[in-house]
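# Tertiary structure, described
The chain contents come next:
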Amino acid sequence: MCRATIFVTGGAGFVGSHTVLVLLNAGYEVVVVDSLINAVPDKDGFLPESLRRVQELTGKSLTFYKVDLLDKEGLENIFCKVMKKFNVKKIIFSSSATVYGVPQYLPLDEKHPVGTNCTNPYGRTKYFIEEILRDISVAEKRWSIILLRYFNPVGAHESGQIGEDPQGIPNNLMPYISQVAVGRRCEVQVFGKDFRTPDGTGIRDYIHVLDLAEGHVAALKKLDDTKGCMVYNLGTGKGQTVLEVIRAFEEATGIKIPHCTVGRRAGDVDILCADPTLAEKELSWKAKRSLVQMCQFNFHCSFKVIVYYKKKSAYRHKKIRYFNSYNC
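Below or above, wherever it landed, is the structure these notes cover.

Parameters at a glance
Residues numbered from 1 in each chain as written. Predicted model: local features only at pLDDT ≥ 70, side-chain atom pairs only at ≥ 80, totals over all residues. Heavy atoms only, no water. Pairing = 2+ DSSP bridges. Helix = DSSP H or I, 4+ residues; strand = E, 2+ residues; numbered from the N terminus. Axes fitted to C-alpha atoms, helices over the stretch in contact; angles between N-to-C directions. Contact = heavy atoms within 4.5 Å. Phe/Tyr/Trp six-rings, centres within 6.5 Å; stacked < 30°, edge-to-face > 60°. Buried < 20%, exposed > 50% of the residue type's maximum accessible area, 1.4 Å probe, protein only. Lys NZ or Arg CZ within 6 Å of the ring centre and 35° of its normal. Expected span 1.5 Å × (residues − 1). Core = buried A, V, L, I, M, F, W, Y, C linked by side-chain atoms within 4.5 Å. Salt bridge = Lys/Arg side-chain N within 4 Å of Asp/Glu carboxyl O.

A word on the sheet that holds strand 10 (residues 228–234). Pairing is parallel in the open sheet, where three strands are placed in the order 4-5-10. Among the strands making up the open sheet, the edge pair consists of strand 4 (90–96) and strand 10. When strand polarity is set aside, the average angle formed by the axes of neighbouring strands in this sheet is 20°. As judged from the seven bridges shared by strand 4 and strand 5 (residues 144–150), these two strands associate in the parallel manner. From the neighbouring strand, Ile92 faces strand 5, where its bridge partner is Ile146. On top of the sheet, helix 4 (residues 121–139) reaches strand 4, strand 5 and strand 10; it is set at about 155° to strand 4, its chief contact.

Right, here's the structure in full:
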């Protein structure tokens, strides 16, 4: 059976590259647009390095265009005109749990209010885009739209060939821990220890990036019998504190992670944890990879990609446990 062609924006980044990999393995044709703002070109300059590796891992090819979403002419040539020409009225939007703002109750289900108390510009931006898409679905009844609200994606492909290697200082916990583990940074900064949680550090719902990517394939199948706009949480339903994640990483790798406590960041809430029941019921999707696996694969990628491939700086010499898909 001939599979549809899927157009992926931001497909060279962390979540995007893993989603492209899962789509290719599921038999879809994939076209990717990315500005490379958070990706590295391969040595030939034709593809992002992440997507070159995706092609190697899958044994399948994809189509890539280097275009910024702010480039109206370039985007219209690839995206808007093509959608009109082929009457494409289906879209999956990568939203975020940050649209919920400060939780009124936990765990967070899709009926929780959104947009009224977002704590940062990122969450407000995601909320505004959600509202635009809802308006489209009301104005044009033929549209099928699914909003996927991500919680906290971490981890990497088990090969270590693709993963999260942010440009500059990481904003997220797991890549920060990994960079400390391989010696790129001295210690993890724990932002605040006065949260209303068991150990005083914030609780988040960490989900393996491959589980998240597989949620997109499940949503694609749902689009075929969806009209209007649907919303689904993609999370595990289980939360871990910052200190619990650090301990899990130490357990997974055998490496002690130095850390210190600094002041809280503005906008950080105490707890964000998903109720993923609706996705399990309607998409037949459920996160299945453990926190230890997330840590193992994330470190595997950091060691293999950052230390071995890039060799950007001098690293600490220490015995490192090495993991692959056979012992995870």
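Now that the structure has been shown, the text picks up again.
In space, the three strands of this open sheet follow the order 11-8-13, with mixed pairing throughout. Among the strands making up the open sheet, the edge pair consists of strand 11 (240–241) and strand 13 (271–272). Relative to strand 11, strand 8 (residues 203–204) runs antiparallel, the two being bridged by two bridges. Following the sheet pairing, Arg204 is matched in strand 11 by Gln240.

All told, the structure shown has two aromatic pairs when counted by the stated rule. Here the aromatic rings of Tyr127 and Phe128 are separated by 5.8 Å at their centres, their planes lie at 50°, and the arrangement is tilted. Classification of Tyr127 by relative accessible area gives buried; the value is 18%. A cation sits over an aromatic face here: Arg264 above Phe195, 3.8 Å from the ring centre. The ring centre of Phe191 lies 4.6 Å from the NZ or CZ of Arg265, which sits over that ring.

This paragraph deals with unusual backbone geometry. Omega for the bond connecting Leu106 with Pro107 falls within 30 degrees of zero, at -5°, which places this linkage in the cis form. Checked against the element boundaries, Pro107 lands in the loop between strand 4 and helix 4. The phi dihedral of Leu36 is positive, around 65°, even though this residue is not glycine. Here Leu36 is to be found in the loop between strand 2 (29–34) and helix 2 (49–58).

An α-helical segment advances 3.6 residues per turn. Residues three or four places apart therefore align on the same side. Across its twelve residues, helix 1 (residues 14–25) extends 17 Å between first and last C-alpha, which sits within 8% of the 16 Å expected from 1.5 Å per residue. Counting buried positions along helix 1 yields eleven of twelve residues, so the element is predominantly enclosed. Those residues of helix 1 that sit buried are Phe14, Val15, Gly16, Ser17, His18, Thr19, Val20, Leu21, Val22, Leu23 and Leu24. Lining the buried residues of helix 1 we find strand 1 (5–9), strand 2, helix 2, strand 5, strand 6 (152–154) and helix 6 (209–223).

Our focus in this paragraph is the nonpolar core. The tendency in soluble globular proteins is for nonpolar side chains to be buried as a group. If you look at the biggest cluster of nonpolar residues, it comprises 39 residues, and the most contacted ones within it are Val20, Leu23, Val32, Leu51, Val54 and Leu62. Elements with a minimum of two residues in this core: strand 1, helix 1, strand 2, helix 2, strand 5, helix 6 and strand 10. Residues within four places of Leu62 in sequence aside, it is in contact with Val20, Leu24, Val30, Val32, Leu47, Leu51, Val54 and Gln55. One finds Val242, Val245, Ala252 and Ile255 within the second-largest nonpolar core, a separate group that totals 24 residues.

Here the focus is helix 6. Over its 15 residues, helix 6 runs 21 Å from end to end, which matches the ideal 21 Å to within 8%, given 1.5 Å per residue. Among the 15 residues in helix 6, 13 count as buried, and that is most of the element.

Counting through the fold element by element, Leu147 comes out in strand 5. Residues Leu147 and Phe93, spaced 54 residues apart in sequence, show a C-alpha to C-alpha distance of 4.9 Å. Those residues within four positions of Leu147 in sequence are excluded, and the remaining contacts are Phe93, Glu130, Leu133, Arg134, Cys229, Met230, Val231 and Tyr232.

Next up on the list: the pattern of salt bridges. Taken as a whole and judged by the stated rule, the model has 16 salt bridges. As a salt-bridge pair, Glu140 and Lys89 come within 3.2 Å of each other at their nearest N and O atoms. On the criterion of sequence distance, the pair formed by Glu140 in the loop between helix 4 and strand 5 and Lys89 in the loop between helix 3 (72–85) and strand 4 is long-range, its members being 51 residues apart. Lys89 sits in the buried class, given a relative accessible area of 18%. A cluster of three or more residues bridged by salt bridges with shared partners is formed by Glu49, Arg52, Arg53 and Glu56.

Don't take any of this as a statement about function, it's just geometry.
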